[in-house]
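Per-entry structural report
Residue strings, one per chain:
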Amino acid sequence: MRTPMVTKTALAKVVDILDGIGSVSTTDRGLRTVGITRRSLRHSPGFVPYESSVLLGETVARILGEPHLGAMVGTKFEYRALGSYSTHVLAAPNLLRAMNRGVQALNYVNPGCSVILRYEGQYLVISFDPNLPQSQGSRMVNESLPFLLASLVREYVGPDWLPAWVELPDRPITAEGNLEELFGTDIRFGAAMPGVAMRQTDLFAPNPRPVTRDAAITSSDLSRELGIEPIHSFVDEVQHMLVLQYLLGDTSAEAVAKRLSLGVRGMQRRLQEQGTNYREMKQAFLRNRACILLRQSNASVDEISKLLGYDEPNNFRRAFHKWTGVSPLRYVNLHQT
């Protein structure tokens, strides 16, 4: 079972929106609950478990006393905020082709999630499955997702387009009218996942802004443009969480396993099934990070050892010599241009 993920870029955008709805201090309280910093979201591309986004929304909603915070965030989250992924999707000549591109490249922005298409009479229902357990926090995510799906449709059909109806798994906590006013259309509750319904004829709406060849991003360009590789295995998931936890200052097996909603034994068992273990992965990460810092930064060896979590610089020096066969200073001298 894949862990549902969201890009750090998308979560950083949600953080910006939450700042505007509430306040920076309120959002920071939510981030502390999740154990994520603003710097970790903006420092480098990567993924965060969807559960972290859920907990952030749930915490901020509780502080603000706003039961429909997810829908409020959704009204302010534009499809184009997904960066190079949305640029690739919106280069398609019509809406149907754009939707196909979005599904095919979903692993670049939401690994572990899926898009489901269902025909109902003259309508097509586009649903997004975040593969999350139903909870108060998942309600926030469920209420935001139809706005993102509708934002894609509006890129082709026009800014005034509204879904024929919206589907949501849960009934609202407060009066339904408040939620229907935000969506601007009828809501069908009790669905398996959040979605929007559109006329099938809209699928062939042409791209109103044809993209030039120079501006187009192909599927083969996405890894380079986004700065990340899609997740294909549990090893990939652990690797991304290791990078995230490095930015947060705790690369222990306990911290990485917790980020994946697992125990250490469960994580180690799954890694062993794929021919590795956490210690080997962490050592490889530290070795690569050390080499990059030694080549590209002006930090001293002692400073780099602290950045990598070593209490004693000499321990780092011994580890680096074991990894590379040379001392850190010798490595720097060998790679000077």
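Computed from a prediction, not measured in an experiment: that's the story for all the values here.

**So, the packing of helix 2 (residues 24-34) against helix 4 (residues 50-64)**
Two packed helices can be described by the angle between their axes and the distance between those axes. Two numbers describe how helix 2 lies on helix 4: the axes approach to 8 Å, and their chain directions differ by 140°. Considered as vectors, helix 2 and helix 4 are oriented oblique to each other. Relative to helix 4, helix 2 is oriented so that their crossing is right-handed. Mapping the contact onto sequence places Thr26, Thr27, Arg29, Gly30, Leu31, Thr33 and Val34 in helix 2 and Ser52, Leu55, Leu56, Thr59, Val60, Ile63 and Leu64 in helix 4. Split into classes, the residues belonging to the contact of helix 2 with helix 4 amount to seven nonpolar, six polar and one charged.

**Some points on unusual backbone geometry**
Most of the time, phi is negative for any residue but glycine, and the peptide bond is trans. Of note, the phi angle at Asn131 is positive, near 55°, even though the residue is not glycine. Note on placement: Asn131 falls in the loop between strand 4 (123-129) and helix 8 (136-157). For Asn131, a relative accessible area of 29% translates into the label partly exposed. You will see that Ser261, though not glycine, has its phi angle at about 60°, which is positive. Examined against the element boundaries, Ser261 turns out to sit in the loop between helix 12 (253-259) and helix 13 (264-273). Take Ser261: its relative accessible area is 54%, and that puts it in the exposed class.

**So, the sheet that holds strand 5 (residues 165-168)**
Across a sheet, paired strands are connected by hydrogen bonds in the backbone, their directions being either parallel or antiparallel. Ordered in space as 3-4-7-5-6, the five strands form an open sheet in which the pairing is mixed. Each having just a single partner strand, strand 3 (114-120) and strand 6 (187-189) make up the two edges of the open sheet. Adjacent strand axes in the sheet meet at a mean angle of 25° when their direction is disregarded. Relative to strand 7 (residues 195-199), strand 5 runs antiparallel, the two being bridged by three bridges. Pairing of Trp165 across the sheet is with Ala197, part of strand 7.

**Here's the deal with the confidence of the model for the chain**
Here the chain averages 91 in pLDDT, and 96% of its residues register 70 or above. Confidence, expressed as mean pLDDT per element, reaches its minimum in the chain at helix 9 (residues 176-183) with 77 and its maximum at strand 7 with 97.

**Considering the environment of Pro159**
Within the secondary structure, Pro159 is located in the loop between helix 8 and strand 5. With relative accessibility at 71%, the residue Pro159 sits in the exposed group.

**Observations concerning helix 2**
Helical geometry: 3.6 residues make up each α-helical turn, so side chains three or four residues apart lie on a common side. For helix 2, the complete set of buried residues consists of Thr26, Thr27, Gly30, Leu31 and Val34. Projected down its long axis, helix 2 shows its buried positions confined to an angular sector of 140°, all on one face. The first or second residue beyond helix 2 is Gly35, which carries a positive phi of 80°.

**Section: the side chain of Ser53**
Within the element layout of this structure, Ser53 appears in helix 4. With residues up to four places along the chain from it excluded, the contact list for Ser53 reads Val6 and Leu11.

The rules we used
- Residues numbered from 1 in each chain as written.
- Predicted model: local features only at pLDDT ≥ 70, side-chain atom pairs only at ≥ 80, totals over all residues.
- Heavy atoms only, no water.
- Axes fitted to C-alpha atoms, helices over the stretch in contact; angles between N-to-C directions.
- Helix = DSSP H or I, 4+ residues; strand = E, 2+ residues; numbered from the N terminus.
- Parallel < 35°, antiparallel > 145°, perpendicular 65-115°, else oblique.
- Left-handed = near helix turned anticlockwise from the far one by under 90°.
- Contact = heavy atoms within 4.5 Å.
- Nonpolar A, V, L, I, M, F, W, Y, C, P; charged D, E, K, R; others polar.
- Buried < 20%, exposed > 50% of the residue type's maximum accessible area, 1.4 Å probe, protein only.
- Pairing = 2+ DSSP bridges.
- pLDDT = per-residue confidence, 0-100.
- Arc of directions from axis to C-beta.

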